[in-house]
Amino acid sequence: MEMKDLYREIVNEHNLYPSHKKDLADPTIVLQGVNPSCGDDINLQLLVENDTIADAAFNGSGCAISQASADMMIDLIIGKKTDDALRLAEQFMGMIKGTATRDEIEELEEAAALEDISHMPARVKCANLAWRTMKEEIEKLQKGE
Amino acid sequence: MNNDFKKDFAIFEGNDIIYFDNAATAQRPRKVMEAMTTFNDTCNANPLRGLYDWSVRATAAYEEAREKTAAFIGAQTSEEIIFTRNATESLNLVAYSYGLSHIKEGDEIVISVMEHHSNILPWQMVARERKAKLVFLECDEEGTIAREEYESKITDKTKIVSIMQVSNVLGVTNPVREIADYAHAKGAVVIVDGAQSVPHRAVDVQALHADFLAFSAHKMCGPMGMGVLYGKKELLEDMPPFLTGGEMIEYVTREDATFAELPHKFEAGTVNAQGAAGLSAAIDYLRDVGFDRIRETEDRLTKRLMAGMQELPYITICGANDPLLHSGIVTFNIEGCHPHDVSSVLDTEGICIRAGHHCAQPLMKHLGVQSTARASLYFYNTEEEVDRFLEKLGKVREWLGIK
Ligand SMILES: Cc1ncc(COP(=O)(O)O)c(C=O)c1O
């Protein structure tokens with residue numbers, strides 16, 4: 001998909017009208033994810049109960065790709081086991097690297113639409129930001145930190 | 001009125017890319033590439049080491065570039081010209097060599113809030129190492145550093161003042177000569193970051209009253225990996241080497257060494273002679289174009305660009321309202337759009353602009369913006385490009401879904 005179509009068909013909607021851009025009342029963990037070179041700066045909040053992501057939200061500022069990616073990620077991971085969320089993060093980053101299989105990409109649901117970012121090296125970090133941050137948070141929780 | 005300079009550049013052939021990222025790096029004309037190829041094809045050898053014809057001619061090409069650079073910026077002798085990799089290395093050289101050897105506890109180093117990171121981090125290092133204080137000159141929204149500001153911050157404690165001549169974000173020109181005179185009266189040395197001025201106007205170190213001047217070849221149609229540090233001879237003579245090794249010594253014993261004369265004392269290891277040949281050709285090329293013409297074109301295009309942008313109510317331009325105070329640099333934001341998205345969608349239209357913090361995070365913070373987009377012009381840009389850019393700029397919000 002060409003960049004402008006990607007914006008029109010997917011990114012703009014999530015960027016301009018995000019469903020999960022807010023603060024959670026009582027998150028289990030909050031972590032700041034930053035891309036220093038772009039100034040993307042998101043704050044990702046997870047509510048984890050019985051190893052399941054009961055709720056999630058994000059805040060902060062950044063480009064449309066980083067914001068939309070965060071919003072789509074949260075759509076996908078709410079209700080998932082933390083291990084599954086971790087696996088999905090790997091799959092998403094694999095997709096952006098160009099190494100994920102068709103099945104792995106399909107499992108990402110709407111976020112699969114960002115596949116073409118793999119041909120836009122300048123935007124890879126933006127797309128990955130929320131996923132990288134989510135992975136870090138779950139790993140911290142699993143290590144009991 | 002459009003010019004024909006684009007014909008001099010192979011990269012513009014067969015496409016209609018609009019290259020508006022000249023403050024990051026300028027394009028290289030064929031003549032510069034030819035000079036580098038000629039060096040490669042006729043006299044490539046290690047300069048300064050050999051005693052045979054190729055090496056002698058390689059040395060001559062390298063030293064001729066030094067002479068030309070010296071004349072270009074009004075240095076008194078070519079020994080005052082040190083070749084480095086870029087402006088960043090030039091500024092680091094002054095900081096590590098002059099800074100660390102002259103700054104003592106309690107001294108003050110004055111820079112400005114609008115500096116490029118390459119003129120901030122080296123001084124943070126010196127201040128930390130020597131327990132000195134780093135003092136910032138503040139500017140107003142237009143980028144002006146007021147006389148009261150520098151007269152109150154430069155004091156008897158100030159030993160170094162390091163300041164950019166032209167800002168890579170605001171395009172504003174600082175009153176470097178006035179600051180230098182004030183600093184000299186207080187006994188400080190003055191370092192000028194000329195990375196954004198030397199490519200666009202005739203810069204004369206004598207007229208500027210600068211003790212040091214740093215700039216990069218790649219922003220003035222020359223090659224990457226080639227930079228210049230000018231320093232006053234008596235200051236350079238008194239400074240310890242920055243890097244040590246080959247090419248910069250007189251005698252070496254097991255325990256000790258004596259250093260070569262200027263400028264070789266500061267040029268350790270095999271130098272970038274091919275790059276110097278390229279810089280030399282870039283200076284010739286810019287002289288042929290002429291700084292008057294460069295200035296006139298940039299001013300005319302900047303006026304047109306800013307006038308067009310000012311018609312779009314959702315665009316804010318950083319810095320002065322007067323286009324003649326911008327040195328061809330127009331940094332802006334589009335309401336509701338992140339600069340990275342702006343540059344991504346413009347890229348799909350063949351338009352190259354910069355987005356981000358432009359290696360000037362303290363300035364961004366001072367201006368209260370996180371990130372900005374920047375269009376920066378050079379003499380080979382045209383009115384047609386400006387018009388096409390404005391037309392596309394007017395569509396960005398629609399592309400990003402803002403009604
Ligand atoms: C004002 C200013 N100073 C210094 C530099 C550093 O130049 P270089 O990256 O060539 O060392 C730049 C380049 O971006 C600049 O704009």
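Quick caveat, the model's predicted, so the values are computed rather than measured. (Residues numbered from 1 in each chain as written. Chains lettered and ligands numbered in written order. Predicted model: local features only at pLDDT ≥ 70, side-chain atom pairs only at ≥ 80, totals over all residues. Heavy atoms only, no water.)

(A) Molecular detail of the interface of chain B and chain A. Between chain B and chain A, the residue contacts involve 15 residues of the former and 17 residues of the latter. Counting every contact that joins chain B to chain A gives two salt bridges. Measuring nitrogen to oxygen at the nearest pair gives 2.4 Å for the salt bridge that ties Lys-4 of chain A to Glu-349 of chain B. Put simply, chain B and chain A have nine residue pairs in polar contact (both at pLDDT 80 or more) between them. No other element matches the four residues that helix 11 (residues 339-347) of chain B contributes to the side of chain B that touches chain A. A per-class count over the side of chain B that touches chain A returns four nonpolar, nine polar and two charged. (Contact = heavy atoms within 4.5 Å. Salt bridge = Lys/Arg side-chain N within 4 Å of Asp/Glu carboxyl O. Polar contact = N/O pair within 3.5 Å; in protein donor to acceptor, adjacent residues only side chain to side chain. Helix = DSSP H or I, 4+ residues; strand = E, 2+ residues; numbered from the N terminus. Nonpolar A, V, L, I, M, F, W, Y, C, P; charged D, E, K, R; others polar.)

(B) Quick look at the pattern of salt bridges. Residues and elements named next belong to chain B. With the rule as written, the count across this model stands at 36 salt bridges over all chains. Note that Glu-385 is salt-bridged to Lys-6, the shortest N-O span being 2.4 Å. Taken as a pair, Glu-385 in helix 13 (residues 383-393) and Lys-6 in the segment before strand 1 (18-19) lie far apart in primary sequence, 379 residues in all. Assessed through its relative accessible area of 0%, Glu-385 is described here as buried. Lys-153 is paired through a salt bridge with Glu-149; the nearest N and O atoms lie 2.5 Å apart. (Buried < 20%, exposed > 50% of the residue type's maximum accessible area, 1.4 Å probe, protein only.)

(C) Structural detail: the domain arrangement of chain B. Residues and elements named next belong to chain B. Domain boundaries in chain B define domain 1 (5-20 + 290-399) and domain 2 (32-287). Relative placement of domain 1 and domain 2: their C-alpha centres are 28 Å apart. With 31 residues of domain 1 in contact, the opposing surface of domain 2 contributes 31 residues. Of the roughly 2400 Å² buried at the junction of domain 1 and domain 2 (both faces included), carbon and sulfur atoms supply 58%. Linking domain 1 with domain 2 are zero salt bridges, by the criterion used here. Joining domain 1 to domain 2, the criterion identifies 17 residue pairs in polar contact (both at pLDDT 80 or more). Looking at the side of domain 1 that touches domain 2, the elements that each hand over two or more residues are helix 10 (291-310), strand 12 (329-334) and helix 12 (361-367). When residues in the side of domain 1 that touches domain 2 are grouped by element, the largest group, six residues, is from helix 12. (Domains from an automatic or database assignment. Buried area = accessible area lost by both parts, 1.4 Å probe.)

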